[in-house]
Every structure is written in C-alpha cells, then in structure tokens.
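Coordinate analysis (summary)
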Amino acid sequence: MIDNKCYTDSGIEIKKVYYALPNNNISIENPGEFPFTRGVQADMYRGKLWTMRQYAGFSTAEESNLRYHYLLSQGVNGLSVAFDLPTQIGYDSDHPLSDGEVGKVGVAIDSIEDMENLFAGINLEQVSTSMTINATSFILLALYVAIAKKQGADLNKITGTIQNDILKEYAARGTYIYPPKPSMRIITDIFEWCAKELPKWNTISISGYHIREAGSTAVQEIAFTLSNGKSYVQAALDKGLDINVFGKRLSFFFNAHNHLFEEVAKFRAARRIWAKMMQSLGATDQKAMMLRFHTQTGGATLTAQQPLNNISRVTIQTLAAVLGGTQSLHTNGYDEALSLPTEEAARIALRTQQIVAFESGVADTVDPLAGSYFIESLTNEIELATLQLIEKIDVMGGSVAAIEAGFMQEEIAKSAYEYQRNIEKVEKVIVGVNKFQITETNQIPSFKIDDSIQKVQSNKLAILKNKRDAEKAHALLNKIETVARSNENLMPIVIEAVEHYCTLGEIADVLRKVFGEHK
C-alpha cells in the first residue's frame, strides 16, 4: 500500500471496489474448452484431484528411498525428486568440484546403481515421477528408462516429467552446462525420442518457479516462462516435429506466492495466453493447446523468523494454486528457510494439501472464483501486461536473444531490488520480519546432511568402475562423442551407456568436450 493505494506485486493497481466489466468482458467459455481460462478439464477436481507431490531428495539414494516410501504411505500419489548440485551440473560425487555439495540440496545420483536404489520397491508403472533436473535431464531420463526396463515395465505406461528447461537456467538459476544452441538440440532430441518410445512422459516442464524465486513479479514469471515455451516449440518445429504430438507433452511449473487473488488470476491468464500462442504456431488439436502445470509454494516467501507462520503462508499459496486450477502441487515445509524439511514438516505440508482437498470445499466446483468482478478484471490486466512483455521479447528475436542480451536477467534483478526495498522501508509488511517481531529462541529441529556422504558415494563409484566392463564403457563413451558430433538422436546411445555403468559425470564430460561450456 502506497499513498492509500494498493497494488499487486506486479504493480497493478487494485481498485477500492470492482463492478461488472464493460461489454461483459469475462470468461464465459466452459471449463475444458479453448482457451481454457477456466481450467483444462471440464470437471476439474470433481473428476480427479490434483496430484499431491512432495519434492524430496537428500543424502544417498538409499536415504531418499526411505523418505519416498514414507511419503507414499502418507497419501502422496506422485514423487518429485530433488537432485544435489553436482548431479545437476554433471559432476560425479568424487569430482573435486563436488566437494562440500554431495547430497546437500538433493540426492546424489552418479550411476544406474544409485537410480535403482532410489526407486527400490517402487513400481514405476504405478507412480508418476517428476524430476527437477535440467542440464543433465537427458542422462537422468536415460537412467529412469533403464531401471524401468529392468523392472520389466511397459514404457507405454510410464508417466512423469523431467524439468528439462535450460533457458530459465541462463535467465535466473544458473545450473547450466552447455551453451544455448547444443542445449536446445538435446531438448529436441528428448522430444523426438519420447514421442516414439515414452508417449505418456512430459518431455519438459517449462519453469516460471525459479524465475519468481529469483525476484520476478507474477507478470514477469508468466511472460518469461511462456516466451521460453514459445522458443522450445519453435525449436521442435524447426526440427520437423509435429506440434500436435509434442505439444500434448509440454507442461509448466509455476510458483504460488502470497497474494491470493493475483496468483489465481495469473494462472487463469497463463492458460488463455498459451492456448492462443499454440494456436498461432499451428496447433489444431485442443490438447496441444492446453497449459497443464505443476505448482510449488513460494520458497522465497518462507521466513526464518517465527517459522511456524510459514504454515499459514503455505496454506494461502495452496488455495491460490487450487483455485487457479493446478494439475499437481508441492507444498513447502515450514522449516525450509532453516534447513531441509524434517519428516514432521513434510507431513504437515502434505496434510495442508489434504485439508484443502477434503475439508475446505474449494475442490467441489470448477473455477469457483469465475465471474468475480475483481478476478475477471485482474485476469484481463495480467494478460495484457504479459502480452506487452512477450511482444518486447519477440522484437528482440525471442527468448534466447533476450537472455543473451541480459534483458530477462536485468528485469528480474530490478524487480527483486524493488521488492526488497519495499520490505526494508516497511511499505511491504512481512509478518515477523519487519513488523510484529518477537524475541526468538529458535527451537525448531533442523535437518542437516553430513559431509561424510561424499566419501560413501565416492567409494560406491570406485567399486562400480572396478567391476564394470571398462572396455565396453569406454567404447560407449566414444560412441556418445560420435553421435553428439552428428545429427543423430542422443537418447538411444545414452540409455545404452548408463545400462553398461557409464556414470553421469563421464557422459556429461564427453559432451563438454564436444559442445563446450556456457560462460
């Protein structure tokens, strides 16, 4: 609130009171119909609740597997895997650059043996798995496919998602390896291979989450994300792929922040914009125009001060995601500003989703805020502001050009600065941080990962390399280099390599040699 005026975090002024829109400018289409403002399914949660995922992964594969079994026993119906930093940027656990990071922010995965241990006792035909991985997404997908085959699973039935969104890494997050052009080639190789071999797999989750976490506004979050999505679609079209086939397997990943109404309007506007964008790019199948998305509650909104207040924040954000029509949802633990979530915090986060689903009534009807003067007006205003920003990016030559010029990065940095400045001037109140503080004695139990995990992983790698057929592994790594220098699809040879115990770091290093590293 400034000068007795109220604004959303995107700077859209909120009127004191809203009236019917002129010319009845509201979403009058049925849910499940183009342009999907009101949702991608006709009956939404009356037919099937959103998938309740809990993002988890830490330490070794064996430790993470125990957490997965616990979460599944508590009612989770989809797994979401967090990988450690070395895995994300293509280094094995025994690499010098992995020192101090093994198993810390996610699970360490070096080989097919780790992947088998991660999913031990879990039927991959029956569980949908989301993997938050980008630069090395093709290797993790190859590992997942390899263990599914070992389980005897039907690849036509395997469901899940790899994030696989490298553009937002350049713009906001930083866990890239290769330059943009070869990175886009890897992504389109995945699109092409999955269309034939893994038809139910979502080949990319185009992420606004990390853009928002880096400090963007809600409008920037969807503008930059949908613009990135447009670039992936164009790259696939340029490769000769069918938009009506690969378009059905695109998914999105958004953030849910604290401004309940702006977030709901954001989700509604994003669906409408994407449907029209896909139609303009040549899609004729309505399912290829649907924006399906996973949501995670806002990590950057969690406070280390009075951490139990975060349960209330996560509840508001859960409502925003559900009222906005999400297809799946992860809720953060209240202690995540302090450490990885404890088992208790993860359980409370899951129970928050379950209480909203079964006790609140918000899932009983489709798009329950439709027709609200405020929501309809805000949806339209967010759509307009988003389209103006996308048009700026198009004029620059698209997302890749805008990222290379530093445009997205600068816009995010400006918004992050302004947001923090408003907090420090107490123009933006954060309860327990800049207002309503108390003297605190933090008694919240924390969950920390011991540095000894690196030694455990390094020993496992030494044993694996000692027992594998070294000549076969070396030959397959050489073949990956040959394929990378050609136009041949990388996925089949990478799957064969991991099946013969080539490690993630070895495969990533071969491609570093071919493609170079992005600086």
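Throughout what follows, the structure given in this document is the object of discussion. (Residues numbered from 1 in each chain as written. Predicted model: local features only at pLDDT ≥ 70, side-chain atom pairs only at ≥ 80, totals over all residues. Heavy atoms only, no water.)

Notes on the sheet that holds strand 11 (residues 328-330)
In spatial order, the strands read 7-6-5-4-3-11-10-9-8; together these 9 strands make up an open sheet with parallel pairing. Here the strands that pair on one side only, and so sit at the sheet edges, are strand 7 (201-202) and strand 8 (204-207). Contacting strand 5 (128-132), strand 6 (160-162) and strand 7, helix 4 (residues 137-151) runs over the sheet at an angle of about 155° to strand 5. Contacts from helix 11 (residues 309-323) reach strand 9 (250-256), strand 10 (293-297) and strand 11 within the one sheet, and its direction differs from that of strand 10 by about 165°. (Pairing = 2+ DSSP bridges. Helix = DSSP H or I, 4+ residues; strand = E, 2+ residues; numbered from the N terminus. Contact = heavy atoms within 4.5 Å. Axes fitted to C-alpha atoms, helices over the stretch in contact; angles between N-to-C directions.)

Here we look at empty space enclosed by the protein
The final tally for this structure, using the stated rule, is 5 cavities of 30 Å³ or more. A volume near 70 Å³ is recorded for the largest cavity. Taken together, Arg38, Gly39, Met44, Tyr45, Val322, Leu323, Gly325, Val362, Thr365, Val366, Asp367 and Pro368 make up the full set of residues lining the largest cavity. A per-class count over the lining of the largest cavity returns 7 nonpolar, 3 polar and 2 charged. Taken as a whole, the second largest cavity holds about 50 Å³ of empty space. Lining the second largest cavity are Asn134, Ala135, Asn164, Ile166, Tyr178, Ser183, Ile186 and Ile187. (1 Å grid on protein atoms, 1.4 Å probe; cavity = no way out; pocket = protein on both sides within 12 Å on 5 of 7 lines; lining within 4 Å. Points joined across faces, edges and corners; volume = space filled by probe spheres on them. Nonpolar A, V, L, I, M, F, W, Y, C, P; charged D, E, K, R; others polar.)

Side note on the layout of surface pockets
Roughly 1100 Å³ of volume is contained in the second largest pocket. What lines the second largest pocket is a set of 37 residues, among which Asp9, Tyr419, Ile423, Lys428 and Ile430 lie closest to the centre. Those elements that place two or more of their residues in the lining of the second largest pocket are strand 1 (6-7), helix 7 (209-213), helix 11 and helix 15 (407-424). For the lining of the second largest pocket, a count of residues per class yields 14 nonpolar, 15 polar and 8 charged.

A closer look at the packing of aromatic side chains
Considering all chains together, one arrives at 17 aromatic pairs under this definition. Taken together through their ring pairs, the aromatic side chains of Phe252, Phe254, Phe267, Trp274 and Phe293 make up a single cluster. For Arg512, the ring lying beneath its charged end belongs to Tyr91, and the centroid distance is 4.2 Å. (Phe/Tyr/Trp six-rings, centres within 6.5 Å; stacked < 30°, edge-to-face > 60°. Lys NZ or Arg CZ within 6 Å of the ring centre and 35° of its normal.)

Quick look at the environment of Lys479
Relative to the assigned elements, Lys479 resides in helix 17 (residues 470-484). C-alpha separation for the pair Lys479 and Phe447, spaced 32 residues apart in sequence, amounts to 42 Å.

Describing the packing of helix 8 (residues 218-238) against helix 13 (residues 373-396)
Axis separation between helix 8 and helix 13 bottoms out at 9 Å; the angle between their running directions is 45°. By the angle class used here, helix 8 and helix 13 are oblique. Classified by chirality, the crossing of helix 13 by helix 8 is right-handed. When helix 8 is examined against helix 13, the residues Val219, Gln220, Ile222, Ala223, Phe224, Leu226, Ser227 and Lys230 are found in contact with a partner set consisting of Ile382, Ala385, Thr386, Leu389, Ile390, Ile393 and Asp394. (Parallel < 35°, antiparallel > 145°, perpendicular 65-115°, else oblique. Left-handed = near helix turned anticlockwise from the far one by under 90°.)

Thoughts on the side chain of Gln296
Among the secondary structure elements, Gln296 is positioned in strand 10. Within the structure, Gln296 has its side chain in polar contact with the side chain of Tyr209 (distance 3.3 Å). (Polar contact = N/O pair within 3.5 Å; in protein donor to acceptor, adjacent residues only side chain to side chain.)

Thoughts on the pattern of salt bridges
Applying the stated criterion to the full structure yields 32 salt bridges. A salt bridge links Glu169 to Lys168, with the nearest nitrogen and oxygen atoms 2.8 Å apart. This pair shows no difference in class: Glu169 is buried, exactly as Lys168 is. In this structure, Arg212 engages Glu263 in a salt bridge whose closest nitrogen and oxygen atoms are separated by 3.2 Å. Of the two residues, Arg212 is situated in helix 7 and Glu263 in helix 10 (residues 260-280); the sequence distance between them amounts to 51 residues. Owing to a relative accessible area of 3%, Arg212 belongs among the buried residues under this scheme. (Salt bridge = Lys/Arg side-chain N within 4 Å of Asp/Glu carboxyl O. Buried < 20%, exposed > 50% of the residue type's maximum accessible area, 1.4 Å probe, protein only.)

Considerations on a nonpolar patch on the surface
A cluster of nonpolar residues, Val426, Val429, Val431 and Phe436, forms a patch on the protein surface that exposes about 330 Å² of accessible area. By the element assignment, Val429 lies in the loop between helix 15 and helix 16 (453-467). (Patch = residues over 30% accessible without salt bridge, like charges linked within 9 Å, V, L, I, M, F, W, Y side chains within 5 Å. Areas by Shrake-Rupley, 256 points an atom, 1.4 Å probe, with all protein chains shown as cover.)

Quick notes on the packing of helix 4 against helix 19 (residues 504-515)
Two quantities define a packed helix pair, namely the angle between the axes and the distance from one axis to the other. The N-to-C vectors of helix 4 and helix 19 enclose an angle of 140°; their axes lie 10 Å apart at closest approach. Comparing their axes, helix 19 and helix 4 come out oblique. In this structure, the crossing between helix 4 and helix 19 has a hand that is right-handed. Contacts between helix 4 and helix 19 pair Phe138, Ile139 and Leu140 from the former with Leu504, Ile507, Ala508 and Leu511 from the latter. Here the contact of helix 4 with helix 19 is built from residues that sort into 7 nonpolar, no polar and no charged.

Quick look at the pairing of strand 3 (residues 51-56)
Of all 6 residues in strand 3, 5 are buried; the element is thus mostly enclosed. With 3 bridges joining them, strand 3 and strand 11 adopt parallel strand pairing. Opposite Met52, over in strand 11, you have Leu329 as the bridge partner. Bridge count for strand 3 against strand 4 (residues 78-82) is 4 bridges, and the pairing is parallel. Directly across from Gln54, in strand 4, lies its bridge partner Leu79. The β-α-β motif built from strand 3, the intervening helix 1 (residues 61-73) and the parallel element strand 4 has right-handed crossover chirality. (Right-handed = clockwise from strand over helix to strand, strands pointing away.)

A closer look at helix 19
In a regular helix each residue adds 1.5 Å, so 12 residues correspond to 16 Å; helix 19 covers 16 Å between its end C-alpha atoms and thus fits that length. Burial of helix 19 is extensive: 10 of the 12 residues sit out of reach of the surface. Buried residues of helix 19: Leu504, Gly505, Glu506, Ile507, Ala508, Val510, Leu511, Arg512, Val514 and Phe515, and no others. Along its buried surface, helix 19 packs onto helix 2 (85-88), helix 4, helix 6 (180-197), helix 16, helix 17 and helix 18 (491-499). (Expected span 1.5 Å × (residues − 1).)

Concerning the side chain of Ser128
Following the sequence through the fold, Ser128 ends up in strand 5. Once residues lying within four places of it in the same chain are set aside, the contact partners of Ser128 are Arg53, Gly78, Leu79, Thr159 and Gly160.

Structural notes on unusual backbone geometry
Cis peptide bonds are those with omega within 30 degrees of zero, and the linkage from Phe34 to Pro35 qualifies with 5°. Relative to the helices and strands, Pro35 is located in the loop between strand 2 (13-14) and strand 3. The backbone of Met44 shows a phi angle near 45°, a positive value even though the residue is not glycine. Inspection of the secondary structure assignment puts Met44 in the loop between strand 2 and strand 3. Owing to a relative accessible area of 5%, Met44 belongs among the buried residues under this scheme. In this structure, Phe436 takes a positive phi of about 60° despite not being glycine. With respect to the element layout, Phe436 can be found in the loop between helix 15 and helix 16. The exposed category is assigned to Phe436, whose relative accessible area is 53%.

By themselves these figures say nothing about function.
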